[in-house]
Amino acid sequence: MDCLVVPQNQENACRFHRRAGMGLLVALICCGLTAAAQNSTRQETSKPFSIRATHLMGFESAKSNCTGTLSIQYDSLQFQQTGKTSVHINIGSVRNVFLGEESRQVGGLPMTLGKAAAPYGGGRVVSLFSHKKYDILTLEYVDSDGGIHGAIFQLDKGQGEIVKHELTARGETVSSRTDQSMKQNAAEVRYENK
C-alpha cells in the first residue's frame, strides 16, 4: 500500500496557512464591498433623477393636469411638460413634502356600461378590479420674495416614496400626512384635558 506520510506538525502548519489565507481573503472582499457601497451612495446623491408625473396644480408656468417629467438635478427640483420649457425651484426652498394616496376608476364609459350590464350584482365585483392607485406628492415651498406656495403632483403607486428618498438624500427634511395628523391629535387631546 502506497501511503504518504506527513509529519503531524507540517499538517497543522498547512491548516493554519489555509485558515489565515481564507480569513485574509474574506477581509479583503468585505473591505472592497464596503468601499464600493460608499462610492455608490455618494454618486446617487449627485446624479440627476427623473420620474414621470402629472402636475395637478401649483407651479405657475405649468398647466394644470398635464403630464411631464419631474426631475431632481443637483440642487433644483424641475417639472418639464412634454415639449415645453421647464419650471424649477431650489430644493433648499422646499419646507415640507407630504405623501398621500388616491384611487381612481379606470376604463371610462365602456367600463361603466359593462358594470351596469353585469347580471346579479356582478358590477360590484368589476368595480373591485377597475381601480388604479396613485401617490399624491404635495410640496410646500418658499419663493424668492418669501411667499409660501404649494405644488401637487400625481405619481404612479410607489414612486412617491422614491421622490421622498431622493429629496431626503439631498438634505431636505420630509414629513408625511400621518406624522402631521398624529401631532394634531396629540395637541387636541392635551387641549381637551384642560
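Above this text you will find the structure in question.
Not measured: the values here are computed from a predicted model. (Residues numbered from 1 in each chain as written. Predicted model: local features only at pLDDT ≥ 70, side-chain atom pairs only at ≥ 80, totals over all residues. Heavy atoms only, no water.)

Draft legend 1. Looking closely at the overall build of the protein. In terms of helices and strands, the protein carries five helices and seven strands. In sequence order, the protein lays out its α and β elements as α-β-β-β-β-β-α-α-β-β-α-α. Every one of the 194 residues in the protein was classed for burial, and the buried ones make up 26%. Contacts spanning at least 24 positions in sequence make up 54% of the contacts within the protein whose residues lie at least 6 apart. Of the accessible surface of the protein, which amounts to about 13700 Å², a share of 56% is contributed by carbon and sulfur atoms. (Helix = DSSP H or I, 4+ residues; strand = E, 2+ residues; numbered from the N terminus. Buried < 20%, exposed > 50% of the residue type's maximum accessible area, 1.4 Å probe, protein only. Contact = heavy atoms within 4.5 Å. Areas by Shrake-Rupley, 256 points an atom, 1.4 Å probe, with all protein chains shown as cover.)

Draft legend 2. Spotlight on the pairing of strand 7 (residues 148–156). In terms of strand pairing, strand 1 (residues 49–57) meets strand 7 through three bridges, oriented antiparallel. Residue pairing across strands places T54 opposite Q154, the latter belonging to strand 7. Note that strand 6 (residues 131–142) and strand 7 share nine bridges and pair antiparallel. Counterpart to V142 in the pairing with strand 7 is I148. What sits between the antiparallel neighbours strand 6 and strand 7 is a turn of five residues, in which G146 has the positive phi angle 95°. (Pairing = 2+ DSSP bridges.)

Draft legend 3. Expanded view of a nonpolar patch on the surface. A surface patch of nonpolar side chains, about 380 Å² in accessible area, is lined by V125, L128 and F129. For L128, the position within the fold is in helix 3 (residues 122–129). (Patch = residues over 30% accessible without salt bridge, like charges linked within 9 Å, V, L, I, M, F, W, Y side chains within 5 Å. Salt bridge = Lys/Arg side-chain N within 4 Å of Asp/Glu carboxyl O.)

Draft legend 4. Broad picture of the packing of aromatic side chains. Applying the stated criterion to the full structure yields three aromatic pairs. Ring centres of F59 and F153 lie 5.5 Å apart, and the angle between their planes is 70°; on these two criteria the pair is classed as edge-to-face. Placement of the pair is F59 in the loop between strand 1 and strand 2 (66–73) and F153 in strand 7, with a sequence separation of 94 residues. Its relative accessible area of 4% is what places F59 among the buried residues. With relative accessibility at 0%, the residue F153 sits in the buried group. Put simply, the rings of F59, F79, Y141 and F153 touch in pairs and so form one group of aromatic residues. (Phe/Tyr/Trp six-rings, centres within 6.5 Å; stacked < 30°, edge-to-face > 60°.)

None of this, on its own, says anything about what the molecule does.
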